[in-house]
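Take a look at the letters that make up each chain.
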Amino acid sequence: VSGAVDAFVRNRAGQFSEQQRYGFSLLGPLVTAFAVWLHGQRQAMPGARLVFLARDMYFARQAYGVLYPEEQTEYLRVSRQSLLPALLQLPMEGETLELAADALPRQMLTRGEIQRYLGFELPPQPEDGTVFDLRIRPLPPEVQALLRELSALSKTPAGANVWEQGRLVHAYLEDRALDRGTVILVDIGSGGTTQRALERLTGAALQGRYLACDDRLSRHIPPRRAQAFLFDGAPADLWYWAGQPMLELFLSESCGPTV
């Protein structure tokens, strides 16, 4: 099969521009195969809603619509970052505390950088030089304390903007009714953080279907509710993650933040 595909690409791609050849020989087959796999997943769950997650799955939804024009699909305009204000309104303990940390960038950030990422509109404050390492698990005590502090701050006048964003997220998710029926959530994938956040906020038990995943996915979500297409569903190799940021640029809807 791989030889036939290679021969087809080599014989037919020469008539196109460089950009068209790239789409024809690499991106097109990848997204088409992913859409066909998703169709099979949906057929195995009669009546399931197919919900593509913004922004990385914009192109995948378009491809699915070309292949299966008779089927209805949905597009959910949320991201990990956009869900954080809503998570901050919950008691910041246990699973919610860990989930909020997972939704933040896995980097070393100052308090001010974390506050800006969460959407706080505060006057500039001098940094004391403290850096919080958000890559460490279990969460360091200082990160846990900071998240509890910021959760409390979001419920005060100083956090009014974050509270309002959380309210908008709750209203948007309530309108989408993810807790009704079987919902297949489609994303480019890594550790399933967005799926977990949506489940925590809506009470739904979603069916996550991903282009690829890392080893966090099976640790946090039962395999029957989270599966990946590439690498036979196993965690993707390091070379894949090195190239995924560029893949996201090709697949994503060309607009700004999603909330």
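What you are looking at is a predicted structure, and each value in this text was computed from that prediction instead of being measured.

Enquirer: Where do I start with the packing of helix H5 (residues 94–103) against helix H9 (residues 193–202) in this structure?
Expert: A pair of packed helices can be characterised by two numbers: the angle between their axes and the separation between those axes. The geometry of H5 relative to H9 is characterised by a closest axis approach of 10 Å and an angle of 140 degrees between their N-to-C directions. Classified by the angle between their axes, H5 and H9 sit oblique to one another. Regarding H5 and H9, the two cross each other, and that crossing is left-handed. Together, Thr96, Glu98, Leu99, Asp102 and Ala103 of H5 and Thr193, Arg196, Ala197 and Arg200 of H9 make up the contact between the two elements. Taken together, the residues of the contact of H5 with H9 break down into 3 nonpolar, 2 polar and 4 charged.

Enquirer: Just checking my understanding: could you explain a nonpolar patch on the surface for this structure?
Expert: Taken together, the side chains of Tyr22, Leu26, Met246 and Phe250 define a hydrophobic patch exposed on the protein surface, amounting to about 390 Å² of accessible area. For the nonpolar patch, the secondary-structure elements that each account for two or more residues are helix H2 (18–43) and helix H11 (238–251). Mapped onto the secondary structure, Phe250 falls in helix H11.

Enquirer: Teacher, can you tell me more about the pairing of strand S1 (residues 49–53) here?
Expert: A regular strand carries its side chains on alternate faces of the sheet. Counting buried residues in S1 gives 5 out of 5 residues, a clear majority hidden from the surface. Side chains of S1 alternate between two faces, with Arg49, Val51 and Leu53 and Leu50 and Phe52 buried alike. Sheet topology places S1 next to strand S5 (residues 183–187); 4 bridges connect them, and they run parallel. Paired with Phe52 across the two strands is Val186, which belongs to S5.

Enquirer: Quick question: what am I supposed to make of the side chain of His39 here?
Expert: Tracing the backbone through its elements, the reader meets His39 in helix H2. A polar side-chain atom of His39 sits 3.2 Å from a polar atom in the side chain of Tyr64. Apart from residues lying up to four places away in sequence, His39 is in contact with Tyr64, Tyr68 and Glu71.

Enquirer: Where do I start with the pairing of S5 in this structure?
Expert: Burial of S5 is extensive: 5 of the 5 residues sit out of reach of the surface. By the alternation rule, side chains of S5 split into Val183, Leu185 and Asp187 and Ile184 and Val186, which are all buried. In this structure, S5 lies alongside strand S6 (residues 207–210), joined through 4 bridges in parallel fashion. Within S6, the residue paired with Val186 across the bridge is Arg209. What joins S5 to S6 is H9, and the crossover it makes is right-handed.

Analysis parameters
- Residues numbered from 1 in each chain as written.
- Predicted model: local features only at pLDDT ≥ 70, side-chain atom pairs only at ≥ 80, totals over all residues.
- Heavy atoms only, no water.
- Axes fitted to C-alpha atoms, helices over the stretch in contact; angles between N-to-C directions.
- Helix = DSSP H or I, 4+ residues; strand = E, 2+ residues; numbered from the N terminus.
- Parallel < 35°, antiparallel > 145°, perpendicular 65-115°, else oblique.
- Left-handed = near helix turned anticlockwise from the far one by under 90°.
- Contact = heavy atoms within 4.5 Å.
- Nonpolar A, V, L, I, M, F, W, Y, C, P; charged D, E, K, R; others polar.
- Patch = residues over 30% accessible without salt bridge, like charges linked within 9 Å, V, L, I, M, F, W, Y side chains within 5 Å.
- Areas by Shrake-Rupley, 256 points an atom, 1.4 Å probe, with all protein chains shown as cover.
- Salt bridge = Lys/Arg side-chain N within 4 Å of Asp/Glu carboxyl O.
- Buried < 20%, exposed > 50% of the residue type's maximum accessible area, 1.4 Å probe, protein only.
- Pairing = 2+ DSSP bridges.
- Polar contact = N/O pair within 3.5 Å; in protein donor to acceptor, adjacent residues only side chain to side chain.
- Right-handed = clockwise from strand over helix to strand, strands pointing away.

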